[in-house]
Amino acid sequence: MADRITPADVAALMANPSVETQQQIAARVAGMFAAEGFSESEQQVAEDVLRAMVSRTAESVRQALSEHLRQTPMLPRDVALALARDVDSVALPILESSPALCDADLIEIVQSASEDRQVAIARRPSVSETVSEALVDRGSARVVTTLVNNGGARLDEQTLHKVVQAFPDDASVQEGLV
């Protein structure tokens, strides 16, 4: 089982915010979340540490957290959203995989997201019809190609019609529809 995080770890993080200390504590927190074996009080401490790290650590530490926590169902939604709105190296793993993000979160992100972020969302293991529609409405050929080639993406008839109308001559998009 992963090393436990204690209030002393939180104090150490605040007192010595070196990248090395951040990385050590980030690895312990990620290990705890992956193990999913903490008490209610341990979970609260771990969540507090995550929130502090998301807002106060080096990009390399946030990136490592994002990679380690990308598929963690216990990840607090506010932490997932903070990571998803961070720089691409931090955001893309969360956008592609995090079960903590709901359709409304993903649609909001799609509305203003870069193409790389939209592609990450289009790669998710499961993409609902509403998220697919938002991607088709806002996305480039690269985004839509990724979406139509994703076996976990659901597209309703109206969205499929939009794809055909918007990309009639794009072979990569059309191949994904066959």
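Everything below is about the structure shown above.
Residues numbered from 1 in each chain as written. Predicted model: local features only at pLDDT ≥ 70, side-chain atom pairs only at ≥ 80, totals over all residues. Heavy atoms only, no water.

Caption draft 1: Representation of the overall build of the protein. In terms of helices and strands, the protein carries twelve helices and zero strands. Ordered by position from the N terminus, the helices and strands of the protein form the series α-α-α-α-α-α-α-α-α-α-α-α. Based on the C-alpha atoms only, the size of the protein along its principal axes is roughly 60 × 30 × 20 Å. Every one of the 178 residues in the protein was classed for burial, and the buried ones make up 44%. Surface summary for the protein: the accessible area is close to 8,600 Å², and the carbon and sulfur share equals 49%. (Helix = DSSP H or I, 4+ residues; strand = E, 2+ residues; numbered from the N terminus. Buried < 20%, exposed > 50% of the residue type's maximum accessible area, 1.4 Å probe, protein only. Areas by Shrake-Rupley, 256 points an atom, 1.4 Å probe, with all protein chains shown as cover.)

Caption draft 2: Up close: the pattern of salt bridges. Applying the stated criterion across every chain yields a total of 13 salt bridges. Between Asp116 and Arg142 there is a salt bridge, and its shortest N-O distance comes to 3.0 Å. With a gap of 26 residues between them, Asp116 in helix H8 (residues 115-122) and Arg142 in helix H10 (residues 141-148) connect regions that are remote in the sequence. When its relative accessible area of 36% is taken as the criterion, Asp116 is described as partly exposed. Counted as one network, the salt bridges with shared partners bring together Glu67, Arg70, Glu96 and Arg123. (Salt bridge = Lys/Arg side-chain N within 4 Å of Asp/Glu carboxyl O.)

Caption draft 3: Layout of the side chain of Gln118. Turning to its location among the elements, Gln118 is positioned in helix H8. Not counting residues within four places of it along the chain, the set of residues in contact with Gln118 comprises Val110, Ala113, Leu135, Arg138, Gly139, Ser140 and Val143. (Contact = heavy atoms within 4.5 Å.)

Caption draft 4: Region of interest: the nonpolar core. Core analysis: the biggest nonpolar cluster contains 50 residues, and Leu50, Leu75, Leu95, Leu101, Ile121, Leu135 and Leu147 have the highest contact counts within it. Leaving out residues up to four positions away in the same chain, Leu101 has contacts with Ala80, Leu81, Ala84, Ile94, Leu95, Leu106 and Arg124. (Core = buried A, V, L, I, M, F, W, Y, C linked by side-chain atoms within 4.5 Å.)

Caption draft 5: Focus on the environment of Glu115. Note on placement: Glu115 falls in helix H8. Take Glu115: its relative accessible area is 34%, and that puts it in the partly exposed class. Along the primary structure Glu115 and Ala27 are separated by 88 residues, whereas in three dimensions their C-alpha atoms are 30 Å apart. Apart from the residues within four sequence positions on either side, Glu115 is in contact with Ser140, Arg142 and Val143. Separated by 2.3 Å, the side chains of Glu115 and Ser140 make a polar contact. (Polar contact = N/O pair within 3.5 Å; in protein donor to acceptor, adjacent residues only side chain to side chain.)

Caption draft 6: Focus on the environment of Ile109. Within the secondary structure, Ile109 sits in helix H7 (residues 103-112). A relative accessible area of 9% places Ile109 in the buried class. Residues Ile109 and Ala134, spaced 25 residues apart in sequence, show a C-alpha to C-alpha distance of 9.9 Å. Those residues within four positions of Ile109 in sequence are excluded, and the remaining contacts are Ala84, Leu95 and Ile121.

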